[in-house]
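Okay, here's what each chain looks like letter by letter:
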Amino acid sequence: MPFRKIVPEKVSEAVRRQIEELILRGILRPGARLPAERELSEQLAVSRPSLRLALAELEERGLVVTRPGSGVFVAEVLGSAFAPPLIELFATHDAALFDYLSFRRDLEGLAADRAARHGSEADHAVISAIFARMEAAHDKRNPDEEAGLDADFHMSIVEAAHNVVMLHMMRSMFDLLRRGVFYNRQVLFSVRATRDELLGQHRAILTAILAREPAAARAAVEAHLGYIEQAMHALERSRSREEIAQMRLSLERARGPGRRGGA
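What you see is a predicted model; the values in this text were computed from it and never measured. (Residues numbered from 1 in each chain as written. Predicted model: local features only at pLDDT ≥ 70, side-chain atom pairs only at ≥ 80, totals over all residues. Heavy atoms only, no water.)

Turning next to the environment of Gly71. The topology assignment puts Gly71 in strand β2 (residues 71–74). Classification of Gly71 by relative accessible area gives partly exposed; the value is 21%. As a C-alpha pair, Gly71 and Glu37 span 34 residues in sequence and 8.5 Å in three-dimensional space. (Helix = DSSP H or I, 4+ residues; strand = E, 2+ residues; numbered from the N terminus. Buried < 20%, exposed > 50% of the residue type's maximum accessible area, 1.4 Å probe, protein only.)

Further remarks concern the pairing of β2. Two strands pair when backbone bridges link them, and strand β1 (residues 64–67) and β2 are joined in this way by four bridges, in the antiparallel orientation. Residue pairing across strands places Thr66 opposite Val72, the latter belonging to β2. Taking the residues between adjacent antiparallel strands as the criterion, β1 and β2 are bridged by three residues, where Gly69 takes a positive phi near 85°. (Pairing = 2+ DSSP bridges.)

Roughly 270 Å³ of volume is contained in the largest pocket. Around the largest pocket, the lining comprises 14 residues; the ones closest to its centre are Arg29, Met155, Glu159, Arg171 and Arg178. Secondary-structure elements contributing two or more residues to the lining of the largest pocket are α6 (121–139), α7 (143–160) and α8 (164–178). Here the lining of the largest pocket is built from residues that sort into six nonpolar, one polar and seven charged. Here the second largest pocket is characterised by a volume of approximately 220 Å³. Arg25, Asp123, Glu159, Ala160 and His162 are, among the 14 residues lining the second largest pocket, the residues nearest its centre. Of all the secondary-structure elements, those providing two or more residues to the lining of the second largest pocket are α6, α7 and α8. Ranked by the residues each element gives to the lining of the second largest pocket, the list is headed by α7, at four residues. Across the lining of the second largest pocket, the residue classes tally to seven nonpolar, four polar and three charged. (1 Å grid on protein atoms, 1.4 Å probe; cavity = no way out; pocket = protein on both sides within 12 Å on 5 of 7 lines; lining within 4 Å. Points joined across faces, edges and corners; volume = space filled by probe spheres on them. Nonpolar A, V, L, I, M, F, W, Y, C, P; charged D, E, K, R; others polar.)

A few words on the packing of aromatic side chains. For the structure on display, the rule yields one aromatic pair. Relative to Phe153, the ring of Phe131 lies with its centre 6.2 Å away and its plane at 55°, an arrangement referred to as tilted. In this pair, Phe131 is assigned in helix α6 and Phe153 in helix α7, connecting sequence segments 22 residues apart. Across the pair, Phe153 and Phe131 agree in class, each one buried. Here Arg67 stacks its cationic end above the ring of Phe73, 4.1 Å away from the centre of that ring. (Phe/Tyr/Trp six-rings, centres within 6.5 Å; stacked < 30°, edge-to-face > 60°. Lys NZ or Arg CZ within 6 Å of the ring centre and 35° of its normal.)

On to the pattern of salt bridges, then. One pass over the structure, following the stated rule, counts 16 salt bridges. Linking Arg29 and Glu159 is a salt bridge whose minimum nitrogen-to-oxygen distance equals 2.6 Å. You can see Arg29 sitting in the loop between α1 (11–24) and α2 (37–44) and its partner Glu159 sitting in helix α7, a full 130 residues away along the chain. Each of the salt bridges in this network shares a partner with another, and the network as a whole consists of Arg16, Glu20, Glu57 and Arg61. (Salt bridge = Lys/Arg side-chain N within 4 Å of Asp/Glu carboxyl O.)

Between its first and last C-alpha atoms α7 spans 26 Å; for 18 residues at 1.5 Å apiece the expected length is 26 Å, and the two agree. Along α7, the residues that are buried comprise Glu146, Ala147, Leu149, Asp150, Ala151, Phe153, His154, Met155, Ser156, Ile157, Val158 and Ala160. Positive phi shows up at His162, right after α7, with a value of about 55°. (Expected span 1.5 Å × (residues − 1).)

Once that is clear, we can look at empty space enclosed by the protein. In total, this model carries one cavity of 30 Å³ or more according to the counting rule given. Roughly 40 Å³ of volume is contained in the largest cavity. Lining of the largest cavity is provided by Asp150, Tyr183, Arg185, Leu188, Phe189, Leu198, His224 and Ile228.

With respect to the helices, strands and loops of the structure, Asp150 is situated in helix α7. In this structure, Asp150 is in contact with Met134, Arg185, Phe189, His202 and His224, ignoring residues within four places of it in sequence. (Contact = heavy atoms within 4.5 Å.)

Where α7 meets helix α10 (residues 192–210), the axes come as close as 12 Å, and the angle between the chain directions of the two elements is 25°. The pairing of α7 with α10 is recorded here as roughly parallel in orientation. In the packing of α7 onto α10, the handedness of the crossing is left-handed. The residues of α10 that touch α7, namely those facing Pro143, Glu146, Asp150, Phe153, His154 and Ile157, are Arg195, Leu199, His202, Ile205, Leu206 and Ile209. Classifying every residue of the contact of α7 with α10 gives seven nonpolar, two polar and three charged. (Axes fitted to C-alpha atoms, helices over the stretch in contact; angles between N-to-C directions. Parallel < 35°, antiparallel > 145°, perpendicular 65-115°, else oblique. Left-handed = near helix turned anticlockwise from the far one by under 90°.)

Below, the discussion takes up the nonpolar core. Ranked by size, the top nonpolar core spans 51 residues in total, and within it Leu101, Phe153, Ile157 and Tyr183 carry the most contacts. When contributions to this core are tallied by element, the ones reaching two or more residues are α4 (84–92), α5 (94–118), α6, α7, α8, α9 (185–189), α10 and α11 (214–255). With ten residues, the single largest contributor to this core is α5. Residue contacts for Leu101: discarding those within four places in its chain leaves Tyr183, Leu225, Ile228, Glu229 and Met232. Counting residues in hydrophobic clusters, the runner-up holds 15 residues, among them Ile19, Ile23, Leu34 and Val64. (Core = buried A, V, L, I, M, F, W, Y, C linked by side-chain atoms within 4.5 Å.)

The following block contains the structure:
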């Protein structure tokens with residue numbers, strides 16, 4: 001018969017598995033500091049030696065790092081998602097920008113759909129709270145803060161989708177966005193009319209998710225990212241026209257005043 005003896009799980013293994021689960025689910029984020037040893041052992045109701053053994057196993061697996069005098073932190077496991085040469089290519093080729101936006105439109109549309117279907121009340125409360133902070137930053141006319149909250153808003157929707165593969169993939173993508181690898185969001189949020197439009201688009205996404213309307217949530221995300229793509233195309237065209245104008249100005253200056261006006 002295909003039965004095996006039940007072997008009781010070691011306390012340290014149970015602790016390790018719980019922390020691994022929190023990292024996998026995105027509850028413990030890269031860079032997050034774990035509670036102090038005494039506090040964590042009390043929360044888990046385990047002995048400190050068992051906790052130390054679990055943390056040592058996690059560190060050996062590369063999931064946490066110990067910083068002397070500071071504590072234990074979740075490792076920056078997203079750092080290896082994209083190799084530095086590939087990040088450099090992303091940053092220097094315009095085609096990567098529009099492929100990135102297309103990729104986000106597909107995945108975030110699905111995430112918004114899932115957030116509307118499967119997101120808990122707590123998930124929706126987090127999304128609503130971030131949007132409220134976006135409104136406050138908008139009213140204060142603080143485009144830098146508003147741009148920073150933009151990524152948090154979108155990431156909270158991905159978290160509410162409850163798909164761990166999507167979660168960690170999109171965290172990697174948003175890390176590059178925050179670092180300005182693809183485009184500078186502050187440029188978009190610096191124009192008042194654009195800021196107003198973007199806030200309205202985020203409100204539409206939020207409204208559809210809270211109403212638990214998956215199709216509307218997906219459509220709102222797709223419309224928002226379509227708007228971003230159009231704005232970036234317009235920026236590229238404007239930049240190209242400016243480069244041409246500068247070239248003409250340089251040629252005109254090179255001709256000198258004595259060569260102007262005559263045939």
